[in-house]
Structure formats: C-alpha cells, structure tokens
Amino acid sequence: MLNKYHLWLEFANVGIRITRYNVTLGLLGHTGIRRIHNHVRPTLYALRYRKEIEKRKNPIPKPPSHRNTFLEWNYNAELFAFGKRLNEEFDSNLLRQAFVEKSYAVKERLRQEELNLNVETLSLKDNESMSQEGMTILKSNLNAILAREFPRLPESGIHAIQGYLTSDSVLSNFSSQIGTKDLIQCNEIPPTEETLSRVFCGVISAIQNSSGRKRVKTFIEDFVLTHLCDKDINEIWDVQKPWAMLTDILSSKGETIEPRLLRQAGKNTLLSVFIVGLYTSEKKLIGTGNICKMLKWLK
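What you are looking at is a predicted structure, and each value in this text was computed from that prediction instead of being measured.

With that out of the way, let us pick up the overall build of the chain. Looking only at helices and strands, the chain has 12 helices and six strands in total. By sequence separation, contacts in the chain at least 24 residues apart represent 54% of the contacts at least 6 residues apart. Looking at the chain as shown, the accessible area adds up to about 21,200 Å², and 54% of this sits on carbon and sulfur atoms.

What follows deals with the environment of proline 259. With respect to the helices, strands and loops of the structure, proline 259 is situated in strand 4 (residues 257-265). Separated by 19 residues in sequence, proline 259 and leucine 278 place their C-alpha atoms 4.5 Å apart. Not counting residues within four places of it along the chain, the set of residues in contact with proline 259 comprises Trp243, Val276, Gly277 and Leu278.

One open sheet accounts for three strands, arranged 4-5-6; its pairing is antiparallel. A strand with exactly one partner marks an edge of an open sheet, and here the two such strands are strand 4 and strand 6 (285-290). Going across the sheet, the axis of each strand differs from the next one's by a mean of 25°, ignoring polarity. Relative to strand 6, strand 5 (residues 273-280) is paired through five bridges, and the arrangement is antiparallel. Paired with glycine 277 across the strands is threonine 288, a residue of strand 6. Contacts from helix 11 (residues 242-252) reach strand 4, strand 5 and strand 6, with the element oriented near 130° to strand 4.

Running from amino to carboxyl end, helix 7 (residues 168-177) crosses helix 8 (residues 193-211) at an angle of 65°, the nearest separation of the two axes being 8 Å. The angle between helix 7 and helix 8 places the two elements in the roughly perpendicular class. At the point where helix 7 passes helix 8, the crossing takes the left-handed sense. Facing helix 7, whose interface residues are Asp168, Ser169, Leu171, Ser172, Phe174, Ser175 and Ser176, helix 8 presents Glu193, Glu194, Leu196, Ser197, Phe200 and Cys201.

Considering all chains together, one arrives at nine salt bridges under this definition. Residue arginine 198 is joined to glutamate 101 by a salt bridge in which the shortest nitrogen-to-oxygen separation is 2.7 Å. Separated by 97 residues along the polypeptide, arginine 198 in helix 8 and glutamate 101 in the loop between helix 3 (92-98) and helix 4 (102-114) bring together distant segments of the chain. The partly exposed category is assigned to arginine 198, whose relative accessible area is 34%. Residue classification places glutamate 101 among the buried residues on the basis of a relative accessible area of 4%. The residue arginine 260 makes a salt bridge to glutamate 258 at a minimum N-O spacing of 3.6 Å. Exposure remark for arginine 260: the relative accessible area of 34% places this residue in the partly exposed category. Put simply, Arg148, Glu149 and Glu221 are held in one network by salt bridges that share partners.

Here the focus is the side chain of threonine 195. With respect to the element layout, threonine 195 can be found in helix 8. Residue contacts for threonine 195: discarding those within four places in its chain leaves Glu101, Ile184, Cys186 and Glu188.

Turning our eyes to something else, we now look at unusual backbone geometry. Residue proline 190 is reached from isoleucine 189 by a cis peptide bond, and omega for that bond is -5°. As for its position among the elements, proline 190 is in the loop between helix 7 and helix 8. Despite not being glycine, asparagine 87 has its phi angle at roughly 60°, a positive value. With respect to the element layout, asparagine 87 can be found in the loop between helix 2 (75-85) and helix 3. Residue class for asparagine 87 comes out exposed when judged on its relative accessible area of 60%. Look at aspartate 230: it is not a glycine, yet its phi comes out positive at around 65°. Tracing the backbone shows aspartate 230 in the loop between helix 9 (213-223) and helix 10 (233-236).

Turning next to the side chain of serine 175. In this fold, serine 175 is placed in helix 7. You can call serine 175 buried: its relative accessible area is 0%. Among the polar contacts made by the side chain of serine 175, one reaches the side chain of threonine 180 at a distance of 2.4 Å. Residue contacts for serine 175: discarding those within four places in its chain leaves Thr180, Leu196 and Phe200.

This brings us to the environment of threonine 192. With respect to the helices, strands and loops of the structure, threonine 192 is situated in the loop between helix 7 and helix 8. For the pair threonine 192 and lysine 181, spaced 11 residues apart in sequence, the C-alpha separation works out to 9.7 Å.

Definitions and limits used
- Residues numbered from 1 in each chain as written.
- Predicted model: local features only at pLDDT ≥ 70, side-chain atom pairs only at ≥ 80, totals over all residues.
- Heavy atoms only, no water.
- Helix = DSSP H or I, 4+ residues; strand = E, 2+ residues; numbered from the N terminus.
- Contact = heavy atoms within 4.5 Å.
- Areas by Shrake-Rupley, 256 points an atom, 1.4 Å probe, with all protein chains shown as cover.
- Pairing = 2+ DSSP bridges.
- Axes fitted to C-alpha atoms, helices over the stretch in contact; angles between N-to-C directions.
- Parallel < 35°, antiparallel > 145°, perpendicular 65-115°, else oblique.
- Left-handed = near helix turned anticlockwise from the far one by under 90°.
- Salt bridge = Lys/Arg side-chain N within 4 Å of Asp/Glu carboxyl O.
- Buried < 20%, exposed > 50% of the residue type's maximum accessible area, 1.4 Å probe, protein only.
- Polar contact = N/O pair within 3.5 Å; in protein donor to acceptor, adjacent residues only side chain to side chain.

Encoded structure:
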C-alpha cells in the first residue's frame, strides 16, 4: 500500500526506495541509505551563516584568546571535572598550583602592585617546583618499571626509552590528551610544548602528594607507558656500537660469540648474498643477518 512519503517496489533481489529526500537503489538487499535527521541541514546552514556574518564584520581574524575569557567559564568547575575525568582525587590547592606558570604568577603580582593591593596576601604560587618534582617522580618510576619488565635490556636502552618518554614533544602530547590546554594559566596562547610538559609533570606531583605513590605509578602506567605500544625500539634507541655491546653482555655471562656462514648465493657475482649466523660458546644461535649488516656492526 502506498503512503505519502514512501513507495516500495520489491522484485527479485532488487529493491527501490523512493523518499522525499533521496532515491536509493539496492541490489541483493544492500541499500546505501544515509540516515541523516531532518534537523542536521538547517543546523549546519545556520552555523555557516553565522560564520559568514562574523567574517564580514571582522575581515581580519582575531588573535586566539584564552578559554577563561568566555562568559560561561567556571575555573573551579573545570578543575573538579579534570580530576573526575582522570579518576583521581586531587588536593584542590595542589591541582590549582600545577596549572600556574611562573610568567603568569609574576604578571599577576605586577598587576596587583599597580592596583595598590597587598601583594603578600596573594596566594598564587607557580608550578616550577612541582614540575621539577614531577619529572623526578616520572623518571624514577619509568626506570623501575622498565627494569622490571625488560630485565635483559641494557642500562643504555632503559635510559634511551626514558629519555624518549620524558621529552617535551611526547609529554606535551600527553598533556594535551588529558585536557590541560584550556586550564593552564600562562602568558602565551596557545601554550608551548615546554609549558604543556611542565604542567603534565606538575599534575604528576599533585597526584603523588594527594593520593600517594601507588596512584601515581598507576597513572604513569596508564598514560605514559602505553605510548610504547606499536613502537619500534630501533626508532627510539640508536645503538652506537652494537657488536661491542653484545660482546660485553655475553662476556658478563661467561660466554663468547662466533659468527658462522650459514647460506650463500651468487658467490662470484655482483649480487652475491651471504647469510651469517651468530653462535654463542654453547652452540646456540642468537641471530642471523646479511653480511653487509654484520660489517656495519663490526665498525
């Protein structure tokens, strides 16, 4: 039976649907219907119209402004929501201090002096000491966790991974992902990588001083170490003298290493291939590779 909006014709394995907004043809029961609600088009049209009107009034784009300049901004509520998103119970004063940069604190103090207010009553503290403490906490936990999870990894490898995870570029990425960008009180807009990195370390310090070492360890495992997933160790750790390092590791165990030729092809041609295997003194094969790579190792 036909109605006002739809007309269905079904025959064989072909279905044709005619609606007010689209005509879709489906073969073998597969139809490409875009289920877009009626309110989407007028909403997008209104947003585009507002953007065009704003562009006509202000042809020169406005410089970026901080989120606290918005009328509906509530900093206390945002700090409370930040702790709930991370599932952490923060001390409100410590969390507030973790987001205050030194440049902003100095600027605020000067503004108080211009208004002839008592500067001593200003309780605005910067996060310089907290960021240093947080970096120390982060490095110590990373060393302990990496040494526990990778007991055979040399110390230089652990330091390389630690240096990668504590770099400003990586820490700033962590900081942005947990939503610190709009909460930071600083002079530069948007915050730089160094600022985001310091704030992230300040948050780590606030977690330990508020909830203890166990919670900060869990936070580092959940938000920092997970960044190593799908990462190639060779992209993080550049081994300068791999042959010497391998020899030292085996000698510490009382073993020696001996390269042996396993396979070869095209011996007297320009495209010759030689596959070499590395054996320990216990006749255990620990690795294979091309002779060209082996020569690079020996340099």
